[in-house]
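Chain by chain, the residues run as shown.
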Amino acid sequence: MPTDLPFTSPWLLAPMEGVTDPCFRDVVLERLDPRDLGGAYTEFVRVSHTPIPEWKLAEHLGPRKYGQPVGLQVMGSDAGPLAATVDAAIYAGAPLVDVNFGCPSKGAFHDCAGSALLDHPERIEALVRACVTAAGGRVPVTAKMRSGVREDSRLEEVAQAAEAGGAVMITVHCRTREEGYRDCADWSRVARAVAAVRVPVCGNGSVETHADLELIRRETGCKYAMVGRAALGDPWIFSGRSVTVAEAARFLLDYAEALLTRRKFSQNGASGRVKRLLSFWKAGRLFDGAGPAATRAEKGRRLAEPKPERLWAWLEERAATASAGDCEAGRPSAILHA
Ligand SMILES: Cc1cc2nc3c(=O)[nH]c(=O)nc-3n(C[C@H](O)[C@H](O)[C@H](O)COP(=O)(O)O)c2cc1C
């Protein structure tokens, strides 16, 4: 049945604006077995008064190269353009569509999209229904919500509204809009959603280690778990594998190369994106110094590096410090020095 969820494992990469574009997703997907990482989503595609054209959606999706499905996420408050965008997304090749009810940004809030809709469950139901009708059974439609605007008392109502609209999975980010990204993740909110709806729930919020993936399922009864920022610090969180410093550096070099060649970023633009990732980075003990203070200082130095070529050179040097048997070691990235 086409509305069955196509994920290859229960662990999913969260949509993250400014990060999870096709360049980032592909360097992650090529490294992870579909049994470990089950799927991903695009960054949100904002839909205002006019539908987003198919070519633009195809850019967000990128060519499908790996086994895992990548869902296209839409965000908007106007059912007509949203539904037309869902139809275009399916023509662009989206294997599933997600509707965003979590974005906390002021812009989205003033347009009454994203998390602003959490105070209006009836509008959530109508918007999801419009997307499901547009999908017409060709692909599944999922919804992603925060736990509320200022507090969580309407969480069940919102999850039920998304279900009533026809969402076949509901991702619950267990923070309210007001809680932003604060370190206050309350997984009991995921459990409340699980108890409130019949469709599978995907738990999200402060899944920080590989062990947390199972823990959130065990503690809440959710069927899927979604990782955001921890996957920016360690994309291998889904497999639990500890990578070498060379693998970590090679990941970042491949990401930079993809930004430069596929998206035609400037050197400064690519280094900005890589530094953004570095600010979260934990995998492979990339910054390892003699003790935590030295490690922090090394990270600070790299984040403050103004010259892209010096950042690439440092990463190349780290990529060459591979353990024996790492055949990727020393592979030069010609484009970075072009
Ligand atoms: C940089 C960044 C961009 C994000 N962009 C999106 C987005 O486009 N769509 C969305 O639904 N959530 C977005 N989120 C929220 C994440 O998908 C996720 O719900 C949130 O980070 C909580 O998960 P975590 O604690 O594992 O990071 C974003 C989060 C971050 C940090």
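Enquirer: Break down the site of the ligand for me, citing the residues and quoting the values.
Expert: In the neighbourhood of the ligand, 22 residues make up the surrounding shell, with Ala 14, Met 16, Phe 44, Gly 228 and Arg 229 lying closest. Class assignment for the residues of the shell around the ligand results in nine nonpolar, nine polar and four charged.

Enquirer: Outline the environment of Val 132, listing residues and values.
Expert: By the element assignment, Val 132 lies in helix 5 (residues 121-135). Among the residues examined, Val 132 registers 22 C-beta atoms within 10 Å and is labelled buried. For the pair Val 132 and Val 168, spaced 36 residues apart in sequence, the C-alpha separation works out to 9.6 Å. Leave out the neighbours within four places in its chain, and Val 132 touches Val 141, Gly 165 and Gly 166.

Enquirer: Tell me about the packing of helix 10 (residues 245-261) against helix 11 (residues 267-280), residues and numbers included.
Expert: Two numbers describe how helix 10 lies on helix 11: the axes approach to 9 Å, and their chain directions differ by 145°. Judged by the sense of rotation from one axis to the other, the crossing of helix 10 with helix 11 is right-handed. Between helix 10, through Leu 252, Tyr 255, Ala 256, Leu 259 and Leu 260, and helix 11, the contact on the second element is made entirely by Ala 270, Arg 273, Val 274 and Leu 277. When grouped by side-chain class, the residues that make up the contact of helix 10 with helix 11 number eight nonpolar, no polar and one charged.

Criteria and cut-off values
- Residues numbered from 1 in each chain as written.
- Predicted model: local features only at pLDDT ≥ 70, side-chain atom pairs only at ≥ 80, totals over all residues.
- Near = placed C-beta within 6 Å.
- Nonpolar A, V, L, I, M, F, W, Y, C, P; charged D, E, K, R; others polar.
- Helix = DSSP H or I, 4+ residues; strand = E, 2+ residues; numbered from the N terminus.
- Buried ≥ 20, exposed ≤ 12 C-beta atoms within 10 Å, placed from the backbone.
- Contact = placed C-beta atoms within 7 Å.
- Axes fitted to C-alpha atoms, helices over the stretch in contact; angles between N-to-C directions.
- Left-handed = near helix turned anticlockwise from the far one by under 90°.

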